[in-house]
Amino acid sequence: MLGTQETTSFRQEGAERPSSVQQSAVRQEHSTPQSGQKSSYPVLSRVLDAVITTSLVAIFFGIPVFFTGFSLQGIAFDKQLYFYFWLLIGLVAWVSKGVAVGEMRVRRTPLDIPVLAFLGVYGLATALSVNRWTSFWGSFGDPSRGFLSVAALVLAYFLITSHYNRKRAGLMFGGIVVSSLLVTLWSFLAVMGIRFLPAVVEPYAPISLLGTLTTLSTFLAAVPVVLMTALFLAFREDGGIAKTWKRWAVAGFLLAGLLLDLFLLLALYSFVTWPVVIGGLGFFLIFILAQIVRPAEQWVWVPMAAFVVVFAFLMFGSVRIARVNLPVEVIPKLSFAFDIAKEAVRHKFFLGSGPATYGSVFSLYRPVEYNQNSLFTLRFDQTPGIFLEALSTIGVVGTIAYLVLALSFVSVGIYLLSRNRSRNKILSLGLWSLSMMFFIGSFIAAFNGPILLFASVVASLSIVTALAESGSEERFLSLSLKASPKFALALAFIFMVVSAGVAFLFVFLGKVLVADISAGRVARSSQVDDQSVAGLGRAASLNPQERQYLVSLGQTYIALANREAAKPEGERDTDKVAAYIREAFRVTEIARTLAPEDVRTAEALGLIYESGSLYSGDVIPKAVEAYQKASDLEPSNPVLLVKIGQLKRAQADQMEEGKEKKALYQEAAGYFDQAIGKKDDFGLAYYNRAVAESRVGSYEEAIGSAQKAVDLESQNVTFRYALGSAYQLRKQDGDLDRAESIYLGLLKENEKLVDVRLALGLLYEQKKDQASALVQYRKLIDSIPDGSDGDALRKQVGAFIDTLEKGGSNVDKSAPQQAESASAPEASNPPVPSVPTVTSTPQAGQ
C-alpha cells in the first residue's frame, strides 16, 4: 500500500490515558488540527479545506431545498444531480489536498467494515441484475437506488467523517437548520394558498420541496428535533451564542419555525407517518429526562411540550386546515409489499433482481388480489419501507448486509450517547434523534430519493459527531507520500486518474441534465410538432441509455401521424404519415432492446404498433407479440389480456368468413375469459367478450356478457350500447323493444351519439316503421360533425334516406353487423386504460 499507516489521537476529557507509543503517534505531524488550533498547512491546503467545507455545507443545505422545475424526471432527479455535483467538487478538493500536503487521511469509524461490505454486496447484485443499467444508474425519476448513488453516499460518508472538526460540524448542522426553516416557511405558504412567488416562477414551483407530500411530511417530522437542538446549542454554556440579544433573537426564529412546523404536521395529518414523529421525539426526550444530555434548564420544557402537542394531534385526528386542494398520493399496502417480497425471495433468494428494479419485481409478482382494488392499474417503483424493497431487489444477502449496517449504526449511537456522561452531547443527541426517525421510517414510510440522500448524510455526520463528543479515540488511515518517492508517484497517478474520472462524470452528468431539461421542455409544451421531435431526439442522443425518451419520441411520432392523417384528402401527405409511423416503430424498438425485461416499455411498444395498425393491419401480429411480452412480465394484469384479445378480434375482422376467422374470435374470447379470471368485476373484459360472442353469432352469451358489463358500470355508454346491439342482433320476442328502450335512453342523455342514432334508425326499419327511421336519419345528418369522416358518413346516411323514400330497405345491406360494430361515442373497441406509475401515499389496497 501507499505508505499506509494508522495514527491515533485521544480526547483529553474522559478518555483513557494512551500508552507512550500512542503519545508518540499523537505528536506526529499526522495529527488532525483541533478546532481553533492554527494550522501549519500551506495556504493552498487551507483553501482546499474551505472548498471541501463549502461543498459539504451545500449538500446539507441544498438537498432539502434545491430544485430546477425544468426537468422531466422531477425533484428527486434534480436533487440527485445536485448531490453528485457538490460531492465531486468535495472529492476533487480532498484528493488535491492530499497531494498538496503529502498524505491522505481517512478517519476510521466502527462502521467502516459494514459500510464497505454493504457496498460490495450492492455492487455484486448490480452485476447480476435483470437490468444492469437501471441498477447502476437508478430508475427513471428517482436514481437514488442505483449503485452509482450508493457508491456516492459511501464516498460522502468517508469525506464527511474524515473532514470533521467541531467548527465544520457546526457549519454543516447550520445548513440543516437553515434549510429546515426554509422548507417549513415555503410549505406553510404553499399549503395555506398564499402567493409568494412571481407569476413567471409559479408554474415551475412545487408545493413540496421534497417531491411528494409524504416525503415532505417525513422531513417535517424531523424538523422539531433540528430546531430544538439548534435552540439548545444557542444557549450552550461552552460554545453557544455569546451575546444575549442574539441568543434571544435566534430563539425567537427557532420557536416560530417550530410552531409553523407543528401546524404543518396537523395540516398534512393524513400524509404523516406518525410513528416516525413519536419515535424521534421520544428518543430525544428520553436522553434529556434521564439527564444523559443536559440542555439549558430554561428550555427543557420545549421538547416535552412538543411531545404533548403531537399526542394531542393524534387524539384530534385529521383536521382540514389547508387552503389548497392537496394531491392524492398512493403507496401499496405493507401487506401487498410483503407478499411481493416473499415471491421475489422465493425466485431470487440470494441477490434479488438487482438494485432499483422494484418496478419489475412489483409487476412480476403482484398478487391477483391486487386487481380487486379500484387502483389496480397503478404500478409502483418503490415500496413503503426500504426493508421489503431490499428483500425484493438485493435479496437475502443484501438485506442482511443492510440490517447489519443499520443495527450496527443504532447500537454504536446509543452506546456513544450513553457513555461518558460528563460530556454534554447536545449536537450528537439531535443528529442521532434525526437518524432514529429515518431509521424507523425506513421500515414503514415511503422513502424516496430526497429523504434517502438526506438521511444518509445526516447519519454520516451523526456517527462522527458522536465519536468526537463522547471523547472516543481518533483513528486515521494515512496514505503518505513521505514514506518513499515511489509512493509520491503512485499518489500522483491516483490523483490523475481521479481527476480524469471526475471530469468524465461532470461531462456525463451535464449531458444527463441537459437531456432531461430538453425532454421536460417538450412535456410542458401544449403543442406536438416537429420541435417536439427535435427536443426528444436531442434528449435521446445526449442520454442514449434512457429508454423513456425513446418511448416518448415514438408516441410523438404516432401523434404527428394521426394529425397528418386527419387532414382533408387534398392536404394529406401520405408519405409523411408513413415516415412518422416507421420512425415510431424504429425508436420504440430501440427502447425495447435497452430494457427487454421492462413491462412499461413492452406495453408502450404494443401501443405504438396498435396505433400503427390503423394504417396497416400487417403490424397487428407485432402488437400482439409486444403485449404478450408485457403480459409475461406482468402475468396478473387483466388489462394486457384484454388488449391481446382486442387485437385478435381486430385480426379476425380483416379476414374472410370461414373457420379461421371464427377460431380467432374464439381465441379472443379466451383472452377476455382469462382477464375475467384475474378480475371478476372487470366490466371492460365482459364487454369485449360480448362483442366477440356477437361476431360468432352466440347472441345469448353476448347478451349475458353485455348485461354483466352494464351491471358493473351502469353509466357506461359503450356497454349499454353493446347490450342494445346484442338484443337487436338476436331479434327474439321483445328484443327489438328492449334495444329501442336502451337507445332512446342513451339519446335522452346525449342526443349527439351518432352511432346510437344510426342503430336506432336501422332498428325502426327492422320494425317496419319507415317514418320513424326517416326521422332518425334526418336528425343524424344534422348531428354529424364536419370533416372527411363526417362527410363520408353523411353521404352514407343520405343514401339510406334515398333508399327508404324509394320504398327500399337498408337492413339487409348494412345492419345488424354495422349497428353492432358502430361506436357509441367512444369506439366500440374503447381504449384500455393506460397503466400509470406511482411511487408514493394514502394506501392502495385498503
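Residues numbered from 1 in each chain as written. Predicted model: local features only at pLDDT ≥ 70, side-chain atom pairs only at ≥ 80, totals over all residues. Heavy atoms only, no water.

J.: Would you explain the overall build of the protein in this entry?
T.: The helix and strand tally for the protein stands at 33 helices and 5 strands. Out of the 846 residues belonging to the protein, those deemed buried represent 56%. Of the accessible surface of the protein, which amounts to about 35,700 Å², a share of 60% is contributed by carbon and sulfur atoms. (Helix = DSSP H or I, 4+ residues; strand = E, 2+ residues; numbered from the N terminus. Buried < 20%, exposed > 50% of the residue type's maximum accessible area, 1.4 Å probe, protein only. Areas by Shrake-Rupley, 256 points an atom, 1.4 Å probe, with all protein chains shown as cover.)

J.: Would you mind showing me how to read the packing of helix H30 (residues 754–766) against helix H31 (residues 770–783) here?
T.: The angle between the axes and the distance between the axes are what describe a pair of packed helices. Put simply, H30 and H31 touch, their axes get as near as 7 Å, and they point 160 degrees apart. In terms of orientation, H30 lies roughly antiparallel with respect to H31. Of the two possible hands of crossing, H30 and H31 adopt the one that is left-handed. Residue-level inspection shows Val754, Arg757, Leu758, Leu760, Gly761, Leu762, Tyr764 and Glu765 of H30 in contact with H31, the latter providing Gln770, Ser772, Ala773, Gln776, Tyr777, Lys779, Leu780 and Ser783. Among the residues forming the contact of H30 with H31, the class breakdown is 8 nonpolar, 5 polar and 3 charged. (Axes fitted to C-alpha atoms, helices over the stretch in contact; angles between N-to-C directions. Parallel < 35°, antiparallel > 145°, perpendicular 65-115°, else oblique. Left-handed = near helix turned anticlockwise from the far one by under 90°. Contact = heavy atoms within 4.5 Å. Nonpolar A, V, L, I, M, F, W, Y, C, P; charged D, E, K, R; others polar.)

J.: How should helix H25 (residues 659–678) be read in this particular structure?
T.: Note that an α-helix has 3.6 residues per turn; residues three or four places apart therefore point the same way. Over its 20 residues, H25 runs 29 Å from end to end, which matches the ideal 28 Å to within 8%, given 1.5 Å per residue. Of the positions making up H25, those classed as buried are Lys661, Leu664, Tyr665, Ala668, Ala669, Tyr671, Phe672, Ala675 and Ile676. All buried residues of H25 project into a common sector of 150 degrees when viewed along the axis, lining one side. Seen from the open side of H25, the exposed residues pointing more than 90 degrees away from its buried face are Lys659, Glu660 and Gly677. Contact partners of the buried residues in H25: helix H23 (620–633), helix H24 (638–653) and helix H26 (683–695). (Expected span 1.5 Å × (residues − 1). Arc of directions from axis to C-beta.)

J.: Could you clarify how one ought to interpret a nonpolar patch on the surface in this entry?
T.: Taken together, the side chains of Val43, Leu44 and Val47 present a nonpolar region at the surface, about 280 Å² in accessible area. Following the sequence through the fold, Leu44 ends up in helix H2 (residues 43–65). (Patch = residues over 30% accessible without salt bridge, like charges linked within 9 Å, V, L, I, M, F, W, Y side chains within 5 Å. Salt bridge = Lys/Arg side-chain N within 4 Å of Asp/Glu carboxyl O.)

J.: How do you make sense of helix H7 (residues 166–191) when you look at a structure like this?
T.: Relative to the 38 Å expected for 26 residues at 1.5 Å per residue, H7 spans 37 Å between its end C-alpha atoms, a close match to the ideal helical length. The N-capping residue of H7, defined by a side-chain oxygen 3.2 Å from the backbone nitrogen of Lys167, is Asn165. Within two residues after H7, Gly193 carries a phi angle of roughly 70 degrees, on the positive side. (Polar contact = N/O pair within 3.5 Å; in protein donor to acceptor, adjacent residues only side chain to side chain.)

J.: Please clarify how the pattern of salt bridges should be interpreted in this entry.
T.: Any two side chains of opposite charge can pair, on the condition that their charged atoms come close. Overall, the coordinates contain 32 salt bridges when judged by the stated rule. Across the pair Lys97 and Asp49 runs a salt bridge whose closest N-O atoms are separated by 2.8 Å. Here Lys97, found in helix H3 (residues 75–101), pairs with Asp49, found in helix H2; they are 48 residues apart in sequence, far enough to count as distant. Asp49 carries the same exposure label as Lys97, and that label is buried. In this structure, the salt-bridge partner of Arg730 is Asp735, at a minimum N-O distance of 2.6 Å. One exposure class covers both Arg730 and Asp735, and it is buried. Within this structure, Glu700, Arg730, Asp735 and Arg738 form a network of salt bridges that share partners.

J.: Please clarify how the packing of aromatic side chains should be interpreted in this entry.
T.: The geometry of an aromatic ring pair comes down to the distance between the two centres and the angle between the two planes. All chains considered together, the criterion is met by 43 aromatic pairs. Relative to Tyr82, the ring of Phe66 has its centre 4.6 Å away and its plane inclined at 25 degrees; by these criteria the two rings are stacked. Remark: Tyr82 occurs in helix H3 and Phe66 occurs in the loop between H2 and H3; sequence separation between them is 16 residues. Classification of Phe66 by relative accessible area gives partly exposed; the value is 28%. Pairing Phe140 with Tyr549 gives two aromatic rings, centres 6.2 Å apart and planes at 80 degrees, and the pair type is edge-to-face. Placement of the pair is Phe140 in the loop between helix H5 (132–137) and helix H6 (147–162) and Tyr549 in helix H20 (residues 547–565), with a sequence separation of 409 residues. (Phe/Tyr/Trp six-rings, centres within 6.5 Å; stacked < 30°, edge-to-face > 60°.)

J.: Would you explain the side chain of Arg366 in this entry?
T.: Note on placement: Arg366 falls in the loop between helix H13 (358–365) and helix H14 (386–393). Here Arg366 sits buried without a salt bridge, and the closest side chain of opposite charge, Glu634, lies 4.1 Å off (N-O distance). A distance of 3.1 Å separates the side chain of Arg366 from the side chain of Asn371, its partner in a polar contact. Every residue in contact with Arg366, bar those within four places of it in the chain, is listed here: Ile340, Val361, Asn371, Phe376, Leu378, Glu634, Ser636, Asn637 and Pro638. (Lys, Arg positive; Asp, Glu negative; His and termini not counted.)

J.: In this structure, what is going on with the pairing of strand S4 (residues 474–480)? I would like to understand it.
T.: Every other side chain in a regular strand lies on the same face of the sheet, so the side chains alternate between the two faces. Among the 7 residues in S4, 5 count as buried, and that is most of the element. For strand S2 (residues 103–108) and S4, the ladder comprises 6 bridges, and the chain directions are antiparallel. When the sheet's bridge partners are listed, Met104 is paired in S4 with Leu479. (Pairing = 2+ DSSP bridges.)

J.: Even after reading the chapter, I still don't get the packing of H3 against H6, so can you show me in this structure?
T.: Contact geometry of H3 with H6 gives a least axis separation of 10 Å together with a crossing angle of 45 degrees. By the criterion of interaxial angle, the relationship of H3 to H6 is oblique. As for the relative orientation of H3 and H6, their crossing is left-handed in sense. Residues Gln80, Phe83, Tyr84, Leu87, Gly90, Leu91 and Trp94 of H3 pack against Leu148, Ser149, Ala152, Leu153, Leu155, Ala156, Phe158, Leu159 and Ser162 of H6. Tallied by class, the residues present in the contact of H3 with H6 amount to 12 nonpolar, 4 polar and no charged.

J.: Looking at this model, I keep getting lost on the nonpolar core. Mind explaining?
T.: A general trend in soluble globular proteins is that nonpolar side chains are found buried together. Membership of the largest hydrophobic core comes to 143 residues, with the highest contact counts inside it found for Phe83, Phe173, Leu461 and Ile463. Leaving out residues up to four positions away in the same chain, Phe173 has contacts with Val226, Thr229, Ala230, Leu233, Leu427, Leu431 and Leu461. Counting residues in each nonpolar core, the second largest holds 112 residues, with Val361, Val642, Tyr721 and Ile801 among its members. (Core = buried A, V, L, I, M, F, W, Y, C linked by side-chain atoms within 4.5 Å.)

J.: Can you walk me through unusual backbone geometry in this structure?
T.: Generally, phi is negative for residues other than glycine and the peptide bonds are trans, each holding for most cases. Its identity is not glycine, yet Gln291 carries a phi of approximately 60 degrees, on the positive side. Along the polypeptide, Gln291 turns up in the loop between helix H10 (274–289) and helix H11 (301–316).

J.: Teacher, can you tell me more about the confidence of the model for the protein here?
T.: Regions with low pLDDT should not have their predicted coordinates read in detail. Mean pLDDT for the protein: 87, with 89% of residues reaching 70 or above. When pLDDT is averaged over each helix and strand of the protein, the minimum, 38, is found for helix H33 (residues 817–821) and the maximum, 97, for helix H4 (residues 112–127). Predicted confidence for residues 10–40 stays below pLDDT 50, and this span has 40 contacts to residues more than four positions away or in other chains. Overall, residues 815–846 carries pLDDT values under 50, and its contacts beyond four positions in sequence, including any with other chains, amount to 109 contacts. (pLDDT = per-residue confidence, 0-100.)

J.: Is there a simple way to explain the environment of Ala222 in this structure?
T.: Along the chain, Ala222 turns up in helix H8 (residues 213–234). Residues in contact with Ala222, not counting those within four places in the same chain, are Leu434, Met437 and Phe438.

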